[in-house]
Amino acid sequence: MKILMIAVNDPAGTGIAFCRAVNRLERDDRHSCRLVTLETRYTHSWGKDLHVPDLDEAGLAELERLLKTSDVLHFHMTADEHLRLGPFLPADFLAGKAVVHHEHGHHDFRSDPERFRAKYRALGRNNLLVSTPDLLRMMPEARWQPNLVHEQEALFRPAERQWFGPLNIAHSPTRKDLKNTDDLLAVVDELSRSGLDLRLDLIDNVPNAECLARKQAAHVLFDHMQGYYGVSSLEGLSQGLAVIAGLDAWNRQHVAEFSGTEDLPWVVARNRDELAARLRELAGDLERCREIGAASRRFVEERWSEAKVAGRLADFWDAL
């Protein structure tokens, strides 16, 4: 089965991560996956496949071939068949193809999910995916497809770090207004003024490889307190960090069902008071912090491996 993923810009690098993971699945060679993108946002330098602005004549010919021969057109986020890809329009290539819509929590979707649901109903589209469990509340007819990290890649493995001295906290918000960054800054400032030895690395708008390397040097990763988790959480868990996120009961239930365990590694903080308490605890017991990080890594290896997550997506395509 040939899959062509299509996105305006690759959301948090998930499209290229899925393509690479599916293409190296060891269980069979039934699936091949490619990704076409139209824009580059931020400076994160995620990997690319067919990036329309970079394509020469040969690249455009390759894109046309894929549009003609792919079995599945897999649209990410706000993309659909009316997204112009250079000289091509996916709408001209729909005949005989399955169409997938994959929502990643774009603010347009979150602000008016019914608009998207109505559009898909009108088109008779029911092959719908969401990237985090909270989005099932907005589109209950969809299937949750977890994101992944390649846990064996060097930047996603635990690095040697010192387990003494200040508690090193990493935070990498793409949008600070959505990631409780102000709450984190206020709590760290308050705790530092009280005499707690903390170091915060606020990682902002840097290439992804640098971002991951800086996270590897930390003890703790703060994701956000929005009730769910982000790709940043998965990166930190894989790197063996104590990952703080405000997972609510709904998200915990779905994560437990997917992972097969209720013993989830996240350090839960749902507000400023809880965040302050968790940071005090971790700063006061770095050995406990190290143990949580080791459990984080085991969780990814045993419960959230690239092969497991990519296999779930391949099974979804097989059922189309």
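Starting from 1, residues in each chain are numbered consecutively following that chain's sequence as written. The predicted origin of the model limits local features to residues at a pLDDT of at least 70 and limits the giving and counting of side-chain atom pairs to 80 or more, whereas totals for whole chains, interfaces and linings rest on all residues. Values shown for side chains rest on all heavy atoms present in the structure; no hydrogens or waters enter the calculation.

Chemist: Lay out helix H11 (residues 306-318) with the relevant residues and their values.
Modeler: Its 13 residues give H11 an end-to-end C-alpha distance of 18 Å, which sits within 8% of 18 Å, the value for a rise of 1.5 Å per residue. Among all positions in H11, only Glu306, Val309, Ala310, Gly311, Leu313, Ala314, Phe316 and Trp317 are buried. Helix and strand assignments follow DSSP, with helices taken as H or I runs no shorter than four residues and strands as E runs no shorter than two, numbered in order from the N terminus. Expected helix span is given by 1.5 Å per residue-to-residue step, counting one fewer step than there are residues. For the exposure calls, accessible area comes from a 1.4 Å probe over protein chains only, and a residue counts as buried if that area is under 20% of its type's maximum, exposed if over 50%, partly exposed in between.

Chemist: I'd like to hear about the pattern of salt bridges, residue by residue, with values.
Modeler: By definition here, a salt bridge exists when the distance from a side-chain nitrogen of Lys or Arg to a carboxyl oxygen of Asp or Glu is within 4 Å. Taken as a whole, this structure holds 27 salt bridges when the rule is applied. With a shortest N-O distance of 3.0 Å, arginine 214 and glutamate 210 are connected by a salt bridge. Residue arginine 214 and its partner glutamate 210 are both found in helix H6 (residues 208-216); the two are separated by four residues, about one turn of the helix. In this structure glutamate 210 comes out as partly exposed when scored by relative accessible area, which is 35%. Arginine 297 is the partner of glutamate 301 in a salt bridge, and the nearest nitrogen-oxygen pair spans 3.1 Å. Residue glutamate 301 and its partner arginine 297 are located together in helix H10 (residues 286-303), separated by four residues, close to a single helical turn. Because the salt bridges share partners, they merge into one network encompassing Arg34, Asp49, Glu62 and Arg65.

Chemist: Could you give an account of the packing of aromatic side chains, naming the residues involved and the relevant values?
Modeler: Two aromatic rings, drawn from Phe, Tyr or Trp (for Trp, its six-membered ring), form a pair once their centres lie within 6.5 Å of each other, and the interplanar angle then sorts them: stacked below 30 degrees, edge-to-face above 60, tilted otherwise. Evaluation of the coordinates by the stated rule reveals 10 aromatic pairs. Their ring planes at 80 degrees and their centres at 6.3 Å tell us that phenylalanine 88 and phenylalanine 93 sit as a pair that is edge-to-face. Among the residues examined, phenylalanine 88 registers a relative accessible area of 12% and is labelled buried. Looking at phenylalanine 93, the relative accessible area reads 13%, which means it is buried. The interplanar angle of 75 degrees and the centroid separation of 6.4 Å between the aromatic rings of tryptophan 266 and tryptophan 304 together place this pair among those described as edge-to-face. Pair noted here: tryptophan 266 is in the loop between helix H8 (249-259) and strand S12 (267-268) and tryptophan 304 is in the loop between H10 and H11, with a separation of 38 residues, a long-range link. For tryptophan 304, a relative accessible area of 2% puts it in the buried group. By the ring-pair criterion, three or more aromatic residues cluster together here, those being Trp144, Tyr229, Phe258, Trp266, Phe299 and Trp304.

Chemist: Any details on the packing of helix H1 (residues 14-23) against H11? Residues and values, ideally.
Modeler: Pairs of packed helices are described in terms of their axes, by the angle between the two and the distance that separates them. One way to put it is that H1 packs onto H11 with a least axis distance of 9 Å and a crossing angle of 90 degrees. Taken together, the axis directions place H1 and H11 in an arrangement best described as roughly perpendicular. For the pair H1 and H11, the contacting residues are Phe18, Ala21 and Val22 in the first and Glu306, Val309, Ala310, Leu313 and Trp317 in the second. Gly is placed with the polar residues, together with every amino acid not listed as nonpolar (Ala, Val, Leu, Ile, Met, Phe, Trp, Tyr, Cys and Pro) or charged (Asp, Glu, Lys and Arg). Of the residues belonging to the contact of H1 with H11, the class tally is seven nonpolar, no polar and one charged. Lines fitted to C-alpha atoms define the axes here, with helix axes fitted over just the stretch in contact, and angles between the N-to-C directions of these axes take values from 0 to 180 degrees. We call two directions roughly parallel when the angle between them is under 35 degrees, roughly antiparallel when it is over 145, roughly perpendicular when it lies between 65 and 115, and oblique otherwise. Here, two residues are considered to be in contact whenever any of their heavy atoms come within 4.5 Å of each other.

Chemist: Which residues make up the pairing of strand S5 (residues 98-103), and what are the values?
Modeler: Of all six residues that make up S5, six are buried, and the element is covered over most of its length. Burial along S5 is two-sided: Ala98, Val100 and His102 and Val99, His101 and Glu103, pointing in opposite directions, are all buried. If DSSP finds at least two bridges between two strands, the strands pair. In terms of strand pairing, strand S4 (residues 72-76) meets S5 through five bridges, oriented parallel. Looking across to S5, one finds that phenylalanine 75 is bridged to histidine 101. Examined bridge by bridge, S5 and strand S6 (residues 128-130) share three bridges and lie parallel to one another. Of the residues in S6, the one forming a bridge with histidine 101 is leucine 128.

Chemist: So what about the pairing of strand S9 (residues 198-202)? Which residues, and what values?
Modeler: Sheet topology places strand S8 (residues 167-171) next to S9; five bridges connect them, and they run parallel. Its bridge partner lying in S9, isoleucine 169 is registered against leucine 200.

Chemist: Residue-level account of the environment of asparagine 205, with values.
Modeler: Turning to its location among the elements, asparagine 205 is positioned in the loop between S9 and H6. On the basis of relative accessibility, which here comes to 39%, the residue asparagine 205 falls in the partly exposed class. Sequence separation between asparagine 205 and valine 99 is 106 residues, and the spatial gap between their C-alpha atoms is 33 Å.

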